[in-house]
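Observations on chain architecture
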Amino acid sequence: MRIVPLLASAAVTTGLVYYLNTSHKIGGNNAPPFGTFLSPQHGFWQNAEPVNADYNADLKLPQLKGKTEVYFDDRLVPHVFAEQENDAYFVQGYLHAKFRLWQMELQTFAAGGRASEIIGEKALEHDREFRRLGMVYAAEIALNELEKDPVIKAQCDAYTEGVNAYIETLTESSLPVEYKLIGYKPEKWSNLKTCLFLKYMSYDLAAREDDMEMTSARSYFSADDFSKLYPSLQDSLDPIIPKGTVFEKQKVFPVAPPGADSVYLNNKVASIAGIGKPDRDNGSNNWAVSGSKTKSGAPILCNDPHLGLNLPSLWYEIQLSTPNFNAYGVSFPGAPGVIIGFNDSCAFGFTNGGRDVRDYYEIKFKDDSRQEYMFNGQWQKTKFRVDTIKIKGAASFIDSVAYVQLGNDWCPVMFDKSFGGVRINNHAYYAVRWKAHDPSNELRIFNMLDHAKNYADYQAAVTNLHTPGQNCVFACKNGDIAIRTQGEWPAKWKGQGDFVMPGTDTAYLWQGMIPQDEVPFQYNPERGFVSSANQKPVDDSTYHYYLGRDYPVYRGIAINRRLREMNGITPQDMMALQTDNLDVCAQMLQPLFLANIREAELDAAGKKYLDIYRQWNCRNDAGSKGSTVFERWWHAFEGLVYDDDYAKAPKGSMRPFLSTLVEAILKDSAYKFLDNVNTPQTETLADDITAAFKAATAELQKLEAEGRLDWEKYKATRINHLAKLAPLSRLNLPIGGGNNCINATKVDHGPSWRMVISLTQKTEAYGVYPGGQSGNPGSKFYDSFVDQWAAGKYYTLWMMTKEEVNDKRIIGKMTFSN
Amino acid sequence: MKFFVSLLLTALLSFAACLYLPWWSIALAAFLVAALVPQKPFRSFLAGFTALFLLWGGLSFFISRANEHILAHKISLLLIKSDSPYLLMLATAFIGALVAGLAALSGSYLRKSRA
């Protein structure tokens, strides 16, 4: 009988096929199904793109109105020439999907609180937080707004159709490799996803506040200490709009509620048992110099937005050329248009405004059912939004979020008894009033900027920008330069929104928005340049509205100091400035630290490191050891100064901003907090500085033994793959820079796109971003710009013309027609 | 001779099937060839095994070579924690070979049991 071996071998074969066709947990990680994943005709091998891949294609798509030609240059930048404007957006969507689909979808899943669908239960907290913050709610409002605008709706529809036209071509083998690794398939794109992506940018840029952490700190420190720890103005501030500027007459008059001083600003009762939240430090630089300061006589505009560094990159370089405009720059995979770049007439760029546009109100519900809440002396009916969060490998989680109407605005009660997120655990009810919930039409800005011909067009474009508020820089071939600290900003009374506010009546609500004609701006200023580096936009002793406390100071000082000195500027000078590693904060502190260190108390190792520091030029260059010495020294010093004072403060209390301690010791060597409250004697500045140095010495010795004393090795800048897979990331990049340098390259955060545009007759443009045009880890274009970026070098940006179709830089041509 | 015929047939049929069907169609191909071309069970196994070892090994090698092994370096680190494109090709070849070999064995037994 052969039937037994037949059945046996058939069973073994089937079992093996089944095993190889399902995913397994190996070493705690989900491994992809090996059969599917390794099959050379289906799996990851299909993503191993030939290094000389052919990008030529001729596509017929009935959605198109005319003909579009796409020329890929040798950096895989597409130059899109469309007969019809909306076809250009269709093709942009197609190209974004072709090269970046996985990232586009992941970002919208993260934005919409759907990450659990892909990576399972570990993303549930994230998903709940995002849904409770009202990310989907905000995106739906934005979609509604977008659909009222026929131009933008048509633009978005075309873009979405383009993305979907590509998705429809996908087969098992052509799926991006991450889908194969994780084991899922892409959905159809939609305009809502574009809105979700834009709200994700709002989350990244306009969700910066420390209300819980400040509330905790306020509950512990005396009013006097509090004002010393969290001052609202830094002496060294060089604001975006120079001091002495006269502002438009005030038209909105926010008034603090009666009693706010005692019940709110100095209220020591309300404390939040906080857990603390991760630091968020998105910053950027931009500036423009007028022709009077340049060698060519034409303005130069520069921008380097500092964001989280990831692979695939947030940015995708593109040229869009249509009968109505011709623009070049970086775009967001997920949205149509050029976001930061230039056209035939002008250039534009952004830095984050960083103002607090997210406040919390404590809500009083009648009972735990949250059905009714107290507002203006009456019980009001709550609305509920019930979210079903699907979870890979587990049952769905159903979350019901209460929405309460505060004034005119429905706000989600983000924190309640069932959810404290990573920030609070006091089971209170906090509704969030976030500017990003308000209707706005961000895509209109970029559409209008791409078409802009002059200052009036720029102004008309950027005033559409509500949230995330940005410092919008502009330069034009006619010689104009400008900057506008743009946004729709709540007009706040002093201290409003620094802490969690009472939400039982209208008293503490935002009382209006700052009128657009009171938004500070500069147009062709006398000094011949405009600039911003996320510092406080204006000197608020003269501006009418409260702007909050925490803004980075030092990059702004460094940029303005250099721009004032510079003349006969060339684009190369500007590249050198963008990649400048001088730490002005360290420079201010160096004499003070050297004057106060008691060298006699140091051991041999300490003396050696002190010598390194003494010789240090305050530049955080690659190879610098002084930077590492100072970094560890400052870190130990800050701890010595404040740790004792915060030991009994509620957990998660806000710590002072960097500039607070710097300014305090520069101006007052008897700064109160230098003393360690746990010792009988009174510590002095020299005591703390010396003790900190001794503590740092031990760490520095350890670092030196590990071969990590050089700044770039200590800092170890990396660009993570979005799924944090190390082999798909770039680690330990040899690059200098740091928090207070113009080149603000930190561990995994830094200049995400460096751009220098000289607006000469024929535009001279340079740029680089830490990534590559292809999102496919199997493509040579995946990370092809990273080394150039790390070396501080740029590429020439080629605004191609239709006459240059035979240029030798072109490696492929795609045509799209109906 | 039969060995080489079935080896070649298995490889060709697997390749063609995988253009349209999921990866496990290699098992169907090997099974079918073994059921049609009479051989001793072990020789059928060996023909199926060798066919897919060569096919998957060869395909992954040529794809990866054209890619200058960019992706294979990364995936080998991810999957087998060792930077070894060739080991990854070997693993690919072996998995395909084992499935096809076993399927061919079953095909061969089917023929025998019907005979």
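Refer to the preceding data block for the structure.
Just so it is clear, the model here is predicted, and its values are computed rather than measured. (Residues numbered from 1 in each chain as written. Chains lettered and ligands numbered in written order. Predicted model: local features only at pLDDT ≥ 70, side-chain atom pairs only at ≥ 80, totals over all residues.)

**Quick word on the overall build of chain B**
Note the following rule: Numbering goes from the N terminus for both helices and strands, where a helix is a DSSP run of H or I of at least four residues and a strand is a run of E of at least two. For the exposure call, what matters is how many other C-beta atoms sit within 10 Å of a residue's own: 20 or more marks it buried, 12 or fewer exposed, and in between partly exposed, using C-beta atoms placed from the backbone. A residue pair is marked as a contact if its C-beta atoms, positioned from the backbone, fall within 7 Å.
When its secondary structure is counted, chain B shows five helices and zero strands. Secondary structure elements in chain B, listed N-terminal to C-terminal, are α-α-α-α-α. Seen along its three principal axes, the alpha-carbon backbone of chain B occupies a region of about 50 × 25 × 25 Å. Within chain B, the fraction of its 115 residues that count as buried is 55%. The contacts of chain B with a sequence gap of at least 6 include a subset with a gap of at least 24, amounting to 71%.

**Observations regarding the interface of chain B and chain A**
Filter applied, for reference: Any residue that is not Ala, Val, Leu, Ile, Met, Phe, Trp, Tyr, Cys, Pro, Asp, Glu, Lys or Arg is counted as polar, Gly included; the first ten are nonpolar and the last four charged.
Listed by partner, the interface residues are 33 residues for chain B and 33 residues for chain A. Contributing elements (two or more residues each) for the side of chain B that touches chain A: α1 (2-20), α3 (41-66), α4 (70-79) and α5 (85-114) of chain B. In terms of residue count, the dominant contributor to the side of chain B that touches chain A is α5(B) (13 residues). Among the residues making up the side of chain B that touches chain A, the classes are represented as 24 nonpolar, six polar and three charged.

**Some points on the sheet that holds strand β13 (residues 358-362) of chain A**
Residue and element names in this part refer to chain A. Under the convention used in this document: For two strands to be treated as a pair, DSSP must find at least two bridges joining them.
Strand order across the open sheet formed by six strands is β16-β17-β18-β19-β13-β22, with mixed pairing between neighbours. The two strands at the open ends of the sheet, each matched to only one other strand, are β16 (383-391) and β22 (501-502). In terms of strand pairing, β16 meets strand β17 (residues 394-406) through eight bridges, oriented antiparallel. Paired with Ile391 across the bridge in β17 is Ala394.

**Some words on the sheet that holds strand β21 (residues 481-486) of chain A**
All names here are of chain A. Cut-off, in case you're wondering: The axes used here are C-alpha line fits, helices contributing only the stretch in contact, and every angle between their N-to-C directions lies in the interval 0 to 180 degrees.
If you trace the 11 strands from one edge of the open sheet to the other, you get β3-β31-β4-β5-β9-β10-β11-β12-β20-β21-β23, paired in mixed fashion. The open sheet has two free edges, formed respectively by β3 (57-60) and β23 (521-523), since each of these has just one partner strand. Sheet twist, expressed as the average angle between the axes of neighbouring strands with direction ignored, equals 15°. Relative to strand β20 (residues 470-476), strand β12 (residues 346-352) runs antiparallel, the two sharing seven bridges. Looking at β20, one finds that Phe350 is bridged to Cys472. Relative to the sheet, helix α3 (residues 85-111) contacts β4 (68-73), β5 (78-82), β9 (316-321), β10 (326-331) and β31 (810-817), its axis offset from that of β5 by approximately 150°.

**Here's the deal with helix α9 (residues 191-206) of chain A**
For clarity, the cut-off: A helix is expected to reach a length of 1.5 Å times the quantity of its residues less one.
Compared with an ideal rise of 1.5 Å per residue, which puts 16 residues at 22 Å, α9(A) spans 22 Å between its outermost C-alpha atoms and is within 8% of the ideal. Most of α9(A) is tucked away: 14 of the 16 residues are buried.

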